[in-house]
Amino acid sequence: MKTLNFIKAIALFSIIIGATPNVLSADTGTKKAAPIDVLTKSGREVIVSVINDNIIKVTNIPEGASVPETSTSVIKTNSEDYTISSAPGVSVMTTRGGIVVRVDSLSGSVDITAGPKRGISDSGLRNVSDDKQQIELSTMGSGSFYGAGERGYSFNLAGDTLVMYNKQNYGYTAGEKRIRQMNITMPLFLSSNGYAVVFDDFAAAEMVMSDPIVYTSESRSPISYYFINGAGSLADVTRELSALTGRQKLPPLWALGYITSKYGYHTHDETLGVVDTLKRAGYPLDGIVLDLYWYGKEQDMGRLAWDPKQWPDHKKMLSDLKNKGVNTIIISQPYILRNGHGLSNYNELAANGMLVKDSTGGPQEVKIWVGEGGMFDMSNPATRKWLRERYKQLTLEGVGGWWGDLGEPEVHPETGIHANGLTAREYHNLYGNDWSSIISDLYKEEFPDTRLMTMMRGGTTGLQRYNVYPWSTDVSRSWGGLQPQITIMLNSGLSGLGYMSHDVGGFAIDPAAPYDPELYVRWLQLGLFSPILRTHAQATAEPYNYPEQQDIILPLIKERYAWLPYNYTLAYENASQGQPLVRPLNYYSKGSTKYDDITDEYLWGRDILVAPVLEQGATEREIIFPDGLWVDYNKPSKFYHGGDTIKYDAPLSVIPLFVRTGAFIPKADYRMDSTGDYRTDSYTINYYPYLGESEYTMYEDDLSSPSSIDKGEYSLITFRGDANMEGININVSAKGTYPGASKTKTLKFNIHLIDGDPASVTINGKKLSRGAWKYEHSSSTLSFTTKWTVANDLSIEIR
């Protein structure tokens, strides 16, 4: 019935405005630059405004509303570039992006269309109880829904009831219904038809993904929602969605290397021993994470100071690690316990009203697994200032990154009241955002030349604005724990969290099966192509604990560094366009739902298909190919078409990997002890030509400035290929530069899929001597190396 009413409304709308709604005649009352503002007979006010060509905002204000509208989820302000027309009983708004909005002047109902199967209809906000309000959105046509933050139960959310209240799920596995609700919930969804909806809300809520979609919130503020037109594809809608909710800054390069972590390293000697053992074994390493023992023991939570017995000279240790290329990340939590060395901080904060309060105005009592105490009130300016100063001093001492743990918050008494006047259920989801913003603001203002890495596991819409690197929390060390990680990364990435990752190896150990080398290898293979590669567990977390698998594990972690040019470009795509690093198979396919059930494959950027093995004992797996033509990365002579389904041999040493034909894949094929050894003057370029033209753009900058993109201090290096019956033409050009950019580069080309030794290779008009290139018949690969002067285009002809 709802869908039928929507279709009828659109039909009536078409009659009112005529066959060409983008051309509005003067006699309909066309005007510019004013939102539609309707006051209904019931006293409800409906305001429709334009954010940009592809985003519409709809606000419902009930009669007598006394609490102001919130806008924490978004960063965009209103545009003035649209037109409005009026007719009896209806107002019509049209944007240049093709969105048409019809608002009924009597009922306040809103109908939005943006193209085939891209539209919604709402009948307004209404109170369904004293403490809840509700919006119903009828959708146009069929389709699937994705996103909603961190969701691990299924990729397609259609039919689910999604709870918006952040929740920890210790030791979870695939198929458990509890992972419908995880640590970072977001009241938003994306449609396979290429549009999205964001409810600008952070209170406890429920979103029923049916038709109509029913959103019920406990917020006392009027709730706005945004309709985002993505022109039909998830790639387009993600770009627009991130323009609304915010994009993450570039990561520190070291965050893309290997990071070791454990629950936990207890002392100075143990920490240095782990690093030295990894280094002696030949592992590159960029980071080490210190869990709660850096401040003493579990009961000392809230101390926020190094324990002098366990860490007699932490400043020297941090400096020595940094000199080895290893950055130190330390943990911080929302709680200050009284039963340990955090007592003095508790007393100071409680005396000054900086903790979450109870109904009497005193500190809200909080009990967690290691003790009792209070909770930082992240909404209190005084608390924020106090925490900022602690974080600043620790950063000045050499701490390289931050880990915000338990930030759902894991324990958040519902009787608590925050300084901003919100109850626990109203503020719960926003807590992680406000916490993250303390560190983000600190770095912007006190360390403006340093890129920030904050690991954070709680928050809501817009969390990515604070440069967070979330992980899927305390997952079971089991095959069931491994299996939902792709689904979690996909839904999170589409929601804006492009760096969602996981505890590689599995955190929560089952005493009945504490050690599984096969699982560790398979998990590490997934980690190789995850946004952050960080091993973490309660025991046997480090790769050297698996001696019989070293011939597989060591090359895997080294390979992470070889992919840095490609991965750093993915980071640029995320920072500049909001594109996630992990992408679903239908990401570029308009309106496609045929890959909804595939949760064990994904795209790594545009051009790499990753199909890790997730089943115990498996030495082969089924692979379904997305749209396009694909070549086997491990055996580049084998081609597969979109829609093909194959069985693929995958012994323990093999991760199935495929490249889109026409792709250029830049790599760094040289030894690195850390990302500090990464160079921007030498690349290996793997090209997979096929008939036709293709191109790829690689990002490059000084590898350290947080403002490279904002200041335009970067270079985009474009590789263009044209393969035809006469041969192959390659052009390389650079646009833009940055301080310290190399003027010449060494480029080694590996041209795959070459059917026979070429007759000639010509670079910038000069033919190479026969000994200047090498052709491998067994792999059909042509290889040669050339110097490139960046100021001039590089032209290569292969005949």
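Just above, that's the structure.
Q: Describe in detail the overall build of the chain, supporting the description with residues and values.
A: Within the chain one finds 14 helices and 46 strands. What you see for the chain is a C-alpha radius of gyration of 27 Å, in line with the 28 Å of a compact globule of 799 residues. The principal-axis extents of the C-alpha atoms in the chain amount to approximately 85 × 70 × 50 Å. Counting only residues that meet the buried cut, the chain has 62% of its 799 residues in that class. Across the chain, every contact between residues at least 6 apart in sequence was considered, and the portion connecting residues at least 24 apart equals 70%. Only carbon and sulfur atoms are counted for the fraction: they give 50% of the accessible area of the chain, which is about 28,500 Å².

Q: An account of the environment of S780 is requested, with residue identities and associated values reported.
A: Note on placement: S780 falls in the loop between β44 (773–776) and β45 (781–789). Separated by 144 residues in the primary sequence, S780 and P636 place their C-alpha atoms 8.0 Å from one another. Every residue in contact with S780, bar those within four places of it in the chain, is listed here: I751, H752, L753, I754 and Y775.

Q: Can you lay out the packing of aromatic side chains for me, pointing to particular residues and giving the numbers?
A: For the structure on display, the rule yields 37 aromatic pairs. When the ring of Y427 is compared with that of Y431, the centres are 6.0 Å apart and the planes differ by 70 degrees; the resulting orientation is edge-to-face. Each member of the pair, Y427 together with Y431, is buried. Where Y515 meets Y546, the ring centres are 4.9 Å apart and the plane angle is 5 degrees; that geometry is what we call stacked. One end of the pair, Y515, is in the loop between α10 (485–494) and α11 (517–528); the other, Y546, is in the loop between β27 (533–535) and α12 (550–562), with 31 residues separating them in the sequence. In this structure Y515 comes out as partly exposed when scored by relative accessible area, which is 39%. Put simply, the rings of F529, W563, Y566, W604, Y633 and Y696 touch in pairs and so form one group of aromatic residues. One cation-aromatic arrangement involves R425 over Y165; the distance from NZ or CZ to the ring centre is 4.6 Å. Across from the ring centre of Y670, 5.7 Å away, lies the NZ or CZ of R679, which sits over that ring.

Q: Provide a residue-level description of empty space enclosed by the protein, including the pertinent values.
A: A probe matching the size of a water molecule, rolled over the atoms, marks out where space remains unfilled. Under the definition given, this model contains three cavities of 30 Å³ or more. Here the largest cavity is characterised by a volume of approximately 50 Å³. Taken together, M453, M455, Y469, P470, W471, S501, H502, I532 and R534 form the lining of the largest cavity. Residues belonging to the lining of the largest cavity are distributed by class as follows: six nonpolar, two polar and one charged.

Q: For a nonpolar patch on the surface, give the residues involved together with the corresponding values.
A: Together, F639, Y690, L691 and M725 give the surface a local cluster of nonpolar side chains, amounting to about 470 Å² of exposed area. Topologically, Y690 is positioned in the loop between β37 (682–687) and β38 (692–700).

Q: Hey, could you go over the sheet that holds strand β23 (residues 366–368) for me, with residue numbers and the actual values?
A: Taking strand neighbours across the sheet as the criterion, the three strands line up as β22-β24-β23 in an open arrangement whose pairing is antiparallel. Single-partner strands in this sheet number two, and they are β22 (335–337) and β23. In this sheet, neighbouring strand axes are inclined to one another by 45 degrees on average, regardless of whether the strands run parallel or antiparallel. Pairing of β23 with strand β24 (residues 371–375), which is carried by three bridges, proceeds in the antiparallel orientation. Across the sheet, K367 pairs through a bridge with E372, a residue of β24. Here helix α5 (residues 343–351) sits on the sheet in contact with β22 and β24, set at roughly 115 degrees to β22.

Q: Let's hear about the sheet that holds strand β39 (residues 715–724): which residues, and what values?
A: Adjacent strands of a sheet pair through backbone hydrogen bonds, lying either parallel or antiparallel. The strand order across the open sheet built from six strands is β38-β39-β40-β46-β42-β43, with neighbouring strands paired in antiparallel fashion. Of all strands in the sheet, those bounded by a partner on one side alone are β38 and β43 (766–767). Along the sheet, helix α13 (residues 564–577) makes contact with β38 and β39, crossing β38 at roughly 80 degrees.

Q: Requested: an account of the pattern of salt bridges, with residues and values cited.
A: Scanning the model with the defined rule gives 40 salt bridges in all. As a salt-bridge pair, R220 and E426 come within 2.5 Å of each other at their nearest N and O atoms. Of this pair, R220 sits in the loop between β17 (213–217) and β18 (224–229) while E426 is found in helix α7 (residues 424–427), placing the two residues 206 residues apart along the sequence. Across the pair R720 and E695 runs a salt bridge, and its minimum N-O distance is 3.3 Å. A residue pair is termed long-range when its members are at least 10 positions apart, and R720 in strand β39 and E695 in strand β38 qualify at 25 residues. When its relative accessible area of 39% is taken as the criterion, E695 is described as partly exposed. Through salt bridges with shared partners, a single network forms among D405, E408, E410, R457 and D474.

Q: Summarise unusual backbone geometry; cite the residues concerned and give the values.
A: Here the amide bond leading from D211 into P212 is cis, since omega sits at 10 degrees, within 30 degrees of zero. Within the secondary structure layout, P212 lies in the loop between β16 (205–208) and β17. G264 follows Y263 through a cis peptide bond whose omega is -15 degrees. Note that G264 resides in the loop between β19 (258–261) and α3 (268–280). In the Ramachandran plot, L304 falls in the positive-phi region, its phi being about 50 degrees despite a non-glycine side chain. Residue position: L304 is located in the loop between β20 (287–290) and α4 (314–323). In this model, L753 sits at a positive phi of 65 degrees, which is unusual for a non-glycine residue. In this fold, L753 is placed in the loop between β41 (744–751) and β42 (761–763). Here L753 falls in the buried class, since its relative accessible area comes to 19%.

Q: Tell me about the packing of helix α6 (residues 381–396) against helix α8 (residues 431–446), residues and numbers included.
A: For the pair α6 and α8, the least separation of the axes is 10 Å and the interaxial angle reads 55 degrees. Compared by their axis directions, α6 and α8 come out oblique. The handedness of the crossing between α6 and α8 comes out as right-handed. Facing α6, whose interface residues are R384, L387, R388, Y391, K392 and T395, α8 presents D434, W435, S437, I438, I439, D441, L442, Y443, E445 and E446. For the contact of α6 with α8, the residue count by class is seven nonpolar, two polar and seven charged.

Q: If you had to explain α4 to someone new, which residues and values would you point to?
A: All of the buried residues in α4 are H314, M317, L318 and L321. Projection of α4 onto a plane perpendicular to its axis shows the buried side chains occupying an angular sector of 95 degrees, all on one side. Looking at the buried side of α4, the elements it contacts are α3, β20 and β21 (327–332). In the segment just after α4, G325 is the residue with positive phi, at about 85 degrees.

Q: How would you summarise the pairing of β24 if you had to cite specific residues and measurements?
A: Side chains on a regular strand alternate between the two faces of the sheet. Counting buried positions along β24 yields four of five residues, so the element is predominantly enclosed. Pairing between β22 and β24: three bridges, direction antiparallel. Within the sheet, the bridge partner assigned to I336 lies in β24 and is G374. Counted along the chain from β23 to the antiparallel partner β24, the turn is two residues long.

About the criteria used
- Throughout, residues of each chain are indexed from 1 in the direction in which the sequence is written.
- With pLDDT at 70 or above as the cut-off, local features in this predicted model cover only qualifying residues; side-chain atom pairs require 80 or more to be listed or tallied, and sums for whole chains, interfaces and linings still use all residues.
- Computation of side-chain values: all heavy atoms of the structure, hydrogens and water removed.
- Note on conventions: DSSP H or I runs of at least 4 residues are helices, E runs of at least 2 residues are strands, and numbering of each starts at the N terminus.
- In this setup the radius of gyration rests on C-alpha atoms only. A globule is expected at 2.2 Å times the number of residues raised to 0.38.
- Exposure is judged per residue with a 1.4 Å probe applied to protein chains only, and the accessible area is read against the type maximum: over 50% gives exposed, under 20% gives buried, and values in between give partly exposed.
- Whether two residues are in contact is decided by their heavy atoms, any of which lying within 4.5 Å being enough.
- Method for areas: the Shrake-Rupley scheme with a 1.4 Å probe, in which residue coverage is limited to the protein chains shown.
- Put simply, two rings from Phe, Tyr or Trp (the six-membered ring, in Trp's case) pair if the centres are within 6.5 Å, and we call them stacked under 30 degrees between planes, edge-to-face over 60, tilted for the rest.
- Two thresholds decide whether a charge sits over a ring: the Lys NZ or Arg CZ must be within 6 Å of the ring centre and within 35 degrees of the ring normal.
- In this analysis the probe radius is 1.4 Å and the grid spacing 1 Å, with only protein atoms considered; a cavity is a set of points the probe fits into but cannot get out of, a pocket is an open set with protein on both sides within 12 Å along at least five of seven lines, and lining residues have an atom within 4 Å of a point.
- Grid points are joined across faces, edges and corners, and a volume is the space filled by probe spheres set on the points.
- Polar here means any residue other than Ala, Val, Leu, Ile, Met, Phe, Trp, Tyr, Cys and Pro, which are nonpolar, and Asp, Glu, Lys and Arg, which are charged; Gly is therefore polar.
- Patch rule: a residue counts if its relative accessible area is over 30% and it has no salt bridge; like charges are joined within 9 Å, and nonpolar side chains (Val, Leu, Ile, Met, Phe, Trp, Tyr) within 5 Å.
- For this analysis, a salt bridge means a side-chain nitrogen from Lys or Arg found within 4 Å of a carboxyl oxygen belonging to Asp or Glu.
- Whether two strands pair depends on DSSP finding at least two bridges between them.
- Only the stretch in contact is used when fitting a helix axis, every axis being a line fitted to C-alpha atoms; angles between N-to-C directions are given from 0 to 180 degrees.
- These descriptions rest on fixed angle ranges, namely under 35 degrees for roughly parallel, over 145 for roughly antiparallel, 65 to 115 for roughly perpendicular, and the rest for oblique.
- Crossing handedness is defined as follows: a turn of the near helix away from the far one that is anticlockwise and smaller than a right angle gives a left-handed crossing, while the clockwise case is right-handed.
- Starting at the helix axis, one direction is taken to each C-beta atom, and the arc is that of these directions.

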